[in-house]
Amino acid sequence: MASDSKHIDTLLQHTGIADFDPASGAAPVGLPPVRTSTVRFQNLDALETAERRKAAGERVVAYGRMGLDTHVALEDVFKHLEQGTHCYLAPSGLSAITLAFMSLLSAGDHALVADNVYGPVHALDHAVLSRMGIELTFFAPNHDDIDTLVRPNTRVLYVESPGSLLFEMLDIPALAEKARRHGLVLVSDNTWGSGYIYKPLALGAQVSVVAGTKYVGGHSDLMLGAVVTNDAGIAQRINKTQYAMGYSISADDAWLALRGVRTLPLRMAQHARNALRVCEFLAEREEVARLYHPALPSDPGHALWRRDCTGSNGMMAAALRLPMAQARVFVDALKLFSIGYSWGGFESLVQLVSPQSLAGHRYWRGDGPAVVRLHIGLEAPEDLIEDLAQALDRARGAA
Ligand SMILES: *Cc1c(COP(=O)(O)O)cnc(C)c1O
């Protein structure tokens, strides 16, 4: 399973395959979505054996909430992707983040959190953790010295690489070394890499969190998250918390994710190729002040990206030399890019990043009046480039 030596592209095609029916010797290829609430047992011995194994921390089929075969197959997929030994599913990426925090922190504890993480982590801080007596300190991962920020009660170092909005690459091996010295658990949001092009656990993190909503699902039609670890002690804490908090995902969503992930290698490579083509076009336009995309040689994170990543994806941001009013004309003039949150599906998306959400990112140095975040989809890149060109022309004409 997680230790399987086969290439990940092969494992993604051979995980979640239906078993043969012993009577007919036949089977469908893919596992169907196995839906249930109640699990029935053949006799009391079978039930008691399941209970005993569950008490010992094993994953057993005992009740619908933790899911049956479809869920197990998807957990295996995430373990293969992230090179982890344990996986816990959650109904969204954000709830996977919440599961990690709730599993690793108690009242009186403190955590260091990179200032470039997914925005709603601030809501988790304000609305929940602060009420529980848990304190977070947001820090600039490429500027602040962690050694000076660690307190006696600091337990967790939480990061995201590349960072949300501007794709700031972090040095995970260096952060892991610092975390180890201070006895902190390093948790990394790996939604960008989705385990396919970036593997935080292999680079020294103990917990990787992924929004399966994005590239794993890949078709903008499901919400799902996963918490993966290769530490048995941490796994026990996540397991107990997941159970106690009643996390559950539907078999249909697990099935959609399994179906989507088969083409992850193809999709990711094409998103990356298309995004690079779009970057090369935008770099020549005078309306563009700066591009953020670590696979681009001009990006400050490019050396780290080359060292630690095995590929890229369709995410990029551009700081525009246009005033906000003209940037709005640009976004509205796009025809092939939908205006919307999220990313990782087949389609191109644009988001006008609010100045307030950038304000907290110390990586942001005011490189232009407006920032647009683009998800470059699987359309033909020449069509996307033509669309961007006409929208930039429209915006310039609106001066
Ligand atoms: C989208 C996203 C999440 C949250 O995932 P949901 O499934 O939308 O809750 C978490 N982290 C990052 C980096 C994301 O982009």
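Residues numbered from 1 in each chain as written. Predicted model: local features only at pLDDT ≥ 70, side-chain atom pairs only at ≥ 80, totals over all residues. Heavy atoms only, no water.

- An unreviewed UniProt entry lists the chain under the name Cystathionine beta-lyase, with Bordetella genomosp. 9 as the source organism.
- In its Pathway (unreviewed entry) section, the UniProt entry covering the chain states "Amino-acid biosynthesis; L-methionine biosynthesis via de novo pathway; L-homocysteine from L-cystathionine: step 1/1." (UniProt positions renumbered as here; feature names shortened; annotations may be inferred.)

Focus on the overall build of the chain
Stage number 1. Along its length, the chain carries 14 helices and 12 strands.
Stage number 2. Rg of the C-alpha trace for the chain: 22 Å, near the compact-globule value of 21 Å for 399 residues, within the 12% margin.
Stage number 3. Counting only C-alpha atoms, the chain reaches 75 × 55 × 35 Å along its principal axes.
Stage number 4. Residue burial in the chain is summarised as follows: out of 399 residues, 53% are buried. (Helix = DSSP H or I, 4+ residues; strand = E, 2+ residues; numbered from the N terminus. Rg over C-alpha atoms; globule rule 2.2 N^0.38 Å. Buried < 20%, exposed > 50% of the residue type's maximum accessible area, 1.4 Å probe, protein only.)

Some details on the UniProt feature "modified residue: N6-(pyridoxal phosphate)lysine" (unreviewed entry) in the chain
Stage number 1. The UniProt record annotates "modified residue: N6-(pyridoxal phosphate)lysine" (unreviewed entry) at K214.
Stage number 2. Relative to the helices and strands, K214 resides in the loop between β6 (207–211) and β7 (225–229).
Stage number 3. The residues touching K214, leaving out its near neighbours within four places in the chain, are T191, S342, W343 and G344. (Contact = heavy atoms within 4.5 Å.)

Regarding the packing of aromatic side chains
Stage number 1. Going through the model one piece at a time under the given rule, you end up with four aromatic pairs.
Stage number 2. Pairing W192 with Y198 gives two aromatic rings, centres 6.1 Å apart and planes at 90°, and the pair type is edge-to-face.
Stage number 3. Its relative accessible area of 4% is what places W192 among the buried residues.
Stage number 4. By relative accessible area, Y198 is classed as buried at 1%.
Stage number 5. The interplanar angle of 65° and the centroid separation of 6.3 Å between the aromatic rings of Y292 and Y363 together place this pair among those described as edge-to-face. With Y292 in strand β8 (residues 288–292) and Y363 in the loop between α13 (355–359) and β12 (370–375), this residue pair connects regions lying 71 residues apart in the sequence. Across the pair, exposure class does not vary: Y292 and Y363 are buried alike.
Stage number 6. The ring of Y363 is capped by R290, whose NZ or CZ atom sits 5.6 Å from the centre of that ring. (Phe/Tyr/Trp six-rings, centres within 6.5 Å; stacked < 30°, edge-to-face > 60°. Lys NZ or Arg CZ within 6 Å of the ring centre and 35° of its normal.)

Observations regarding the pattern of salt bridges
Stage number 1. Inspection of the entire model under this criterion finds 20 salt bridges.
Stage number 2. Its salt-bridge partner being K79, residue D76 comes within 3.6 Å of it at the nearest N-O pair. Of this pair, D76 and K79 both sit in helix α3 (residues 69–82), three residues apart, which is roughly one turn of the helix.
Stage number 3. Overall, K79 belongs to the buried group, its relative accessible area being 12%. (Salt bridge = Lys/Arg side-chain N within 4 Å of Asp/Glu carboxyl O.)

Brief notes about the nonpolar core
Nonpolar side chains tend to gather and get buried jointly when the protein is soluble and globular.
Stage number 1. One finds L74, F78, F101 and L157 to be the most contacted residues of the largest nonpolar core, which totals 92 residues.
Stage number 2. Counting residues per element, this core draws most heavily on helix α4 (residues 93–104), at six residues.
Stage number 3. Here this core spans two domains, since at least three of its residues come from each of domain 1 (8–259) and domain 2 (263–397).
Stage number 4. When sequence neighbours within four positions are dropped, the list of residues in contact with F101 reads V113, V121, L124, L129, L136 and Y158.
Stage number 5. Listed in part, the 30 residues of the second largest apolar core include V278, F330, A370 and L384. (Core = buried A, V, L, I, M, F, W, Y, C linked by side-chain atoms within 4.5 Å. Domains from an automatic or database assignment.)

Things to note about the sheet that holds strand β9 (residues 315–320)
Stage number 1. Pairing is mixed across the open sheet formed by five strands, whose spatial order is β8-β9-β12-β11-β10. Two strands close off the open sheet at either side, each with one partner strand: β8 and β10 (338–339).
Stage number 2. With six bridges joining them, β9 and β12 adopt antiparallel strand pairing. By the bridge assignment for β12, A319 is matched with V371.
Stage number 3. Strands β9, β10, β11 (349–353) and β12 of the sheet are contacted by helix α12 (residues 324–333), whose axis makes an angle of about 165° with β11. (Pairing = 2+ DSSP bridges. Axes fitted to C-alpha atoms, helices over the stretch in contact; angles between N-to-C directions.)

Things to note about the domain arrangement of the chain
Interface extent is often summarised as the accessible area lost during association of the parts.
Stage number 1. As far as domains go, the chain holds domain 1 (8–259) and domain 2 (263–397).
Stage number 2. Listed as interface residues are 34 residues of domain 1 and, on the opposing side, 40 residues of domain 2.
Stage number 3. Across the domain 1/domain 2 interface, buried area totals approximately 3300 Å², and carbon plus sulfur atoms make up 65% of it.
Stage number 4. Contact with domain 2 buries area across many residues of domain 1, yet L165, L166 and Y215 alone supply 27% of it, more than any other trio.
Stage number 5. Where domain 1 packs against domain 2, one counts two salt bridges.
Stage number 6. Linking D144 and R362 is a salt bridge whose minimum nitrogen-to-oxygen distance equals 3.1 Å.
Stage number 7. Linking domain 1 with domain 2 are 11 residue pairs in polar contact (both at pLDDT 80 or more), by the criterion used here.
Stage number 8. Its residues assigned to classes, the side of domain 1 that touches domain 2 comprises 17 nonpolar, 11 polar and six charged. (Buried area = accessible area lost by both parts, 1.4 Å probe. Polar contact = N/O pair within 3.5 Å; in protein donor to acceptor, adjacent residues only side chain to side chain. Nonpolar A, V, L, I, M, F, W, Y, C, P; charged D, E, K, R; others polar.)

Side note on the packing of α4 against helix α5 (residues 121–129)
Stage number 1. At a closest axis distance of 11 Å, the pairing of α4 and α5 adopts a crossing angle of 50°. When the axes of α4 and α5 are compared, the pair comes out oblique. For the pair α4 and α5, the crossing hand works out as right-handed. Mapping the contact onto sequence places I97, T98, F101 and M102 in α4 and V121, L124, V128 and L129 in α5.
Stage number 2. Of the residues contributing to the contact of α4 with α5, the split by class is seven nonpolar, one polar and no charged. (Parallel < 35°, antiparallel > 145°, perpendicular 65-115°, else oblique. Left-handed = near helix turned anticlockwise from the far one by under 90°.)

Notes on the side chain of S164
Stage number 1. When you line up the elements, S164 lands in the loop between β4 (154–160) and α7 (172–182).
Stage number 2. Judged by relative accessible area, which is 12%, S164 ranks as buried.
Stage number 3. One polar contact links S164 to E160, side chain to side chain, over a distance of 2.7 Å.
Stage number 4. Once you skip the residues sitting within four places of it in the chain, S164 turns out to touch N116, V117, Y118 and H361.

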